[in-house]
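Architecture and fold: a report
Listed here are the chains, written in short residue letters.
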Amino acid sequence: MQTAESGAGQPPLLEARGLSKRYGATQALDSLDLAIEAGEVYCLLGPNGAGKTTTINLFLGFVSPSGGQALVSGMDVSTHDRETKHRLAYIPEQVMLYRNLSGLENLEYFASLGGKGSMGRERLTDILVQAGLERDAADRRVSEYSKGMRQKVGIAIAMAKEAEALLLDEPTSGLDPKASNEFSALIERLRNRGVAVLMATHDLFRAKETGTRVGIMRYGSLVTELGTDEIGHADLERVYLEHMHD
Amino acid sequence: MIRHGIRHVIRKEFTDVLRDGRFRWCSVLVGALLLVSLGHGWVQARQAQREHAAARATARDHWESQGEKNPHSAAHYGIYAFKPRLALSFVDEGVDPYTGTSVWLEAHRQNDFLLRPAQDATAAQRIGALTAAQVLQHLVPLLIILLTFGALAGERERGTLRQLLATGVGRRDLGMGKALGIAGALALLLVPAAGVGAAAIVVGSPGPAASPLSRAAVLTGVYVAYFAVFLALSMAVSAWARSTRTALVILLGVWVVNGLVAPRVAVDLSKWLHPTPSALEFAHTVEREMASGTEDIARPDRDALAESLMTQYGVDRVEDLPINEVGAYLQESEEFGNRIFDRNYGALWDTFERQGAVHETVAVAAPLLAVRALSMGLAGTDVEQHRHFATAAETYRRDLMRRMNGDLTANSRSGDFSYQAGAELWESTPPLRYDAPTLGWVLTNRLPSLVVLGTWLVVTILAAAARVRRAEVA
């Protein structure tokens, strides 16, 4: 993991420049400008169809932009697919794993594909424990895991990759409050290690608790941006609802 | 050298497949069927070979101990010839159950082959007679489909494809790793079976030497290519299909067309394009032409032959000839019959070969037909090798008749019906020595099938590579 924030003159770890995506007649994302530095947790809020997942897909290179650029450490995702992916980790709404493999074997597999194949099983087990999984669960098949446990393996995958930037797509959706709090604590620890986090979420409370900045999206556009230390929970809810009812 | 990412995908896929209960059950079933069919085929081939050897020895013994008799009576007494079972015939019995494996060689007739198990089998027996070739041609591709249809479609449906691609692994590495991992799991099933087959050839090859190990090596290569076609095709469909259900339905459709529809179409199309007479029609035609000749082939004229011989030997009466005119006439009749047989059987064989060519053409739409032709060819049980043996047996029959008629002609006089030859003549007649075709002969014969299978392999691999490269994440 990166242990210090990006220095002066360094490009932001995640940056969108006029990033747009059109699917036929639908403008899924419209000229998004965004820059996330090391140690920042940027929460994208918005209803379904606002363009949050499209933004993440564009950073992952799963779809090509109709306009603009998605940059990771200054490198355009469209032209540096492999290099940018090696700097990113991704945790979806539901971390999906291989049921016939144990949590440790899943982590071993994803870590090795991410270029961290040399980590021993001991080290990987430690990472699973750091991510909140019980040590004795590591060797159990994933078919026995709860959603919360799978999300923890997802976090462990991101930690093992030692990625500079983390993309989270509704990561706490469906988690119970305790698991959500544990998840937020983990994100906090990653942030403190200098990881830049972009999190798409519906959860205003979690965005305020975990994020350093919040962007509210609607119809593919970023309609406003706030620092979480500038506002309280109630203010964030009010601003969000105001924009949703415009 | 295998790239780093591919190695990890191979290992994971291999482990995942082995832990999958469906694979374990399917592979136990297919493996058991394969081993049972190989074992059953080998035992049958050994038994047939032993019975043929015993029958051949008995036939020879009967021939040599037939006692003193007129050589023409001996020619009618005749002898049986048995088509040798080649080493790999226990893998694929090909057309043997339909064409028969023994033929009675006698004067004036080119007989049909006998011992056709298919003729005596009930419908239930035909269905139950599963050969190793059928398991390899039908069931292993089905197993490949069941293992592969979800390779990418399943990852996409579960959502793991997004996570995988987010790690930075390339689609090509992912696809190749998955294909090789599945191939590795299949190898656990097929390599032991191939080992059992090789051991069966080495330990107790039931057939005569006709480069059995080289044939086995090529046969292995053919089946590996066939399985690779199904693996690549399944990967391509799995990468393209929006859901696992769609991928499975498409691939099962391909399996049905390949294994059930195309062979039926090939049979009907070949019969329609190149019809063959019924056995009864064929026999009547031969009988009619033997009785009255054809426009081109006239029946021998005994009087003209006698005149010619008397002129040749400078005598006025047949009785004064230093040879037996009857023997010369019998030989001339044989040669007349031979021309009739060559004309009819030649046309029939040519029709069979044209029908075979139609099958090889239909293989463009179904690789099974190309593999089947190659498998039967390498096992020595295809129509061409049946023709090869039938020709050798017929050549032997003609030589035998020539010897009998020659002895009668040279050692007796016209009108002398008391002449009898003995053991010396029977023993001086060599037994049929048959050399099965070489591997080169078989491959040259089956070149169109090799080309078709090779084309299938290249096209499906290219299709898989193209589809996997464009596989969408959602």
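Everything quoted here is computed from the prediction, not taken from an experiment. (Residues numbered from 1 in each chain as written. Chains lettered and ligands numbered in written order. Predicted model: local features only at pLDDT ≥ 70, side-chain atom pairs only at ≥ 80, totals over all residues. Heavy atoms only, no water.)

1. Structural notes on the overall build of chain B
So the rule is basically this: Numbered from the N terminus, helices here are DSSP runs of H or I no shorter than four residues, and strands are runs of E no shorter than two. We compute the radius of gyration over the C-alpha atoms and compare it with the globule rule, which gives 2.2 Å times the number of residues raised to the power 0.38. The contact rule is simple, with two residues in contact once any of their heavy atoms fall within 4.5 Å. All accessible-area figures derive from a Shrake-Rupley calculation using a 1.4 Å probe, and residue coverage is judged against the displayed protein chains alone. Charged residues are defined narrowly, with Lys and Arg counted positive, Asp and Glu counted negative, and His plus the chain ends left uncounted. A charged residue contributes its charge at one atom only: NZ of Lys, CZ of Arg, CG of Asp or CD of Glu.
Along its length, chain B carries 20 helices and three strands. For 474 residues, the compact-globule estimate of 2.2 N^0.38 gives 23 Å, and the C-alpha radius of gyration of chain B, at 29 Å, exceeds that figure by more than 25%. Considering only C-alpha atoms, chain B reaches an extent of 105 × 45 × 45 Å along its principal axes. Intrachain contacts of chain B at a sequence separation of at least 6 include 83% that bridge at least 24 residues. A total of about 22,100 Å² of accessible surface is found on chain B, and carbon and sulfur atoms cover 61% of it. Of the charged side chains in chain B, 47 are positive and 46 negative, and the gap between their average positions amounts to 19 Å.

2. A closer look at the interface of chain A and chain B
Here is the rule: Note on terms: buried area is the combined drop in 1.4 Å-probe accessible area of two parts once they are placed together, counting the loss on both. What counts as a salt bridge is simple: a side-chain nitrogen of Lys or Arg found within 4 Å of a carboxyl oxygen of Asp or Glu.
Contacts between the two partners involve 26 residues from chain A, matched on the other side by 26 residues from chain B. Between chain A and chain B, the buried area comes to about 2,300 Å², and carbon and sulfur atoms account for 56% of it. On the chain A side of the interface with chain B, the three residues burying the most area are Phe62(A), Tyr98(A) and Leu113(A), jointly 27% of the side's total. Counting across the chain A and chain B interface gives one salt bridge.

3. Describing the packing of helix α11 (residues 212-240) of chain B against helix α16 (residues 367-379) of chain B
The description of two packed helices rests on the angle between their axes and on the distance between the axes. Residue and element names in this part refer to chain B. Note the following rule: Helix axes are fitted to C-alpha atoms over the stretch in contact, other axes to C-alpha atoms as well, and angles between N-to-C directions run from 0 to 180 degrees. Angular relationships are summarised with four words: roughly parallel below 35 degrees, roughly antiparallel beyond 145, roughly perpendicular across 65 to 115, and oblique for the angles in between. Polar here means any residue outside two lists: the nonpolar Ala, Val, Leu, Ile, Met, Phe, Trp, Tyr, Cys and Pro, and the charged Asp, Glu, Lys and Arg; Gly therefore counts as polar.
The N-to-C vectors of α11 and α16 enclose an angle of 170°; their axes lie 10 Å apart at closest approach. As summarised for this structure, α11 and α16 are arranged roughly antiparallel, according to the angle between their axes. Side by side, α11 and α16 meet where Arg215, Val218, Leu219, Val222, Tyr223, Tyr226, Val229 and Phe230 of the first sit next to Pro367, Leu368, Val371, Leu374, Ser375, Gly377, Leu378 and Ala379 of the second. When grouped by side-chain class, the residues that make up the contact of α11 with α16 number 13 nonpolar, two polar and one charged.

4. Here's the deal with the nonpolar core
Considering soluble globular proteins, one finds that nonpolar side chains tend to be buried as a cluster. Using the following cut-off: Here, the term nonpolar core denotes a set of buried Ala, Val, Leu, Ile, Met, Phe, Trp, Tyr and Cys residues that are joined through side-chain atoms within 4.5 Å. Residue exposure (1.4 Å probe, protein chains only): buried if accessible area is under 20% of the type maximum, exposed if over 50%, otherwise partly exposed.
Counting 165 residues, the largest nonpolar core has Leu14(A), Leu166(A), Leu167(A) and Leu198(A) as the members making the most contacts within it. When sequence neighbours within four positions are dropped, the list of residues in contact with Leu166(A) reads Ala89(A), Tyr90(A), Ile91(A), Ala158(A), Ile187(A), Leu190(A), Val195(A), Ala196(A), Val197(A) and Leu198(A). Leu330(B), Phe389(B), Ala421(B) and Tyr434(B) belong to the second largest nonpolar core, which has 25 residues in total.

5. Focus: the sheet that holds strand β4 (residues 67-72) of chain A
Residues and elements named next belong to chain A. Note the following rule: DSSP bridges decide pairing: two strands pair if at least two such bridges lie between them.
Spatial ordering of the open sheet is given by β2-β1-β4-β5, a layout of four strands whose pairing is antiparallel. Each of the sheet's edge strands pairs with one partner strand only, and the pair in question is β2 (26-36) and β5 (75-76). As judged from the five bridges shared by strand β1 (residues 14-23) and β4, these two strands associate in the antiparallel manner. Pairing of Arg17 across the sheet is with Gln69, part of β4. Packing of helix α1 (residues 52-60) onto the sheet brings it into contact with β1, β2 and β4, and relative to β1 it is tilted by some 110°.

6. Here's the deal with the confidence of the model for chain A
Residue and element names in this part refer to chain A. What counts, and what does not: You can read pLDDT as the predictor saying how much it trusts each residue, on a scale of 0 to 100.
Per-residue confidence for chain A gives a mean pLDDT of 88, with 96% of residues at or over 70. When pLDDT is averaged over each helix and strand of chain A, the minimum, 81, is found for helix α8 (residues 233-244) and the maximum, 96, for β5. Counting interchain partners and residues more than four positions distant, the pLDDT-below-50 stretch residues 1-6 has 21 contacts.

7. A short note on the pairing of strand β7 (residues 165-169) of chain A
Residue and element names in this part refer to chain A. Within β7, five of the five residues are buried, which leaves the element mostly enclosed by the surrounding structure. The alternating pattern of β7 places Ala165, Leu167 and Asp169 and Leu166 and Leu168 on opposite faces, both of which are buried. Where β7 lies against strand β8 (residues 196-201), five bridges are found, and the strand directions are parallel. Counterpart to Leu168 in the pairing with β8 is Met199.

8. Describing the side chain of Thr131(B)
Residues and elements named next belong to chain B. Tracing the backbone through its elements, the reader meets Thr131 in the loop between α6 (123-128) and α7 (132-148). Classification of Thr131 as buried rests on a relative accessible area of 14%. Aside from chain neighbours lying at most four places away, what touches Thr131 is Ser37, Val91 and Glu93.

9. Some details on the sheet that holds β8(A)
All names here are of chain A. Read across the sheet, six strands follow the order β6-β7-β8-β3-β9-β10 without closing on themselves; strand pairing throughout is mixed. Looking at which strands have only one partner, the edges of the open sheet turn out to be β6 (88-91) and β10 (221-227). If you compare each strand with its neighbour and ignore which way they point, the axes differ by 15° on average.

10. Thoughts on the side chain of Glu289(B)
Residues and elements named next belong to chain B. Threshold: Think of a polar contact as two N or O atoms within 3.5 Å of one another; within protein, one of them needs to be a possible hydrogen donor and the other a possible acceptor, and neighboring residues in sequence only count if both atoms come from side chains.
Mapping Glu289 onto the fold places it in helix α13 (residues 279-292). Reaching out from Glu289, the side chain makes a polar contact with the side chain of Asn344 at a distance of 2.9 Å. Apart from the residues within four sequence positions on either side, Glu289 is in contact with Thr294, Phe336, Ile340, Arg343 and Asn344.

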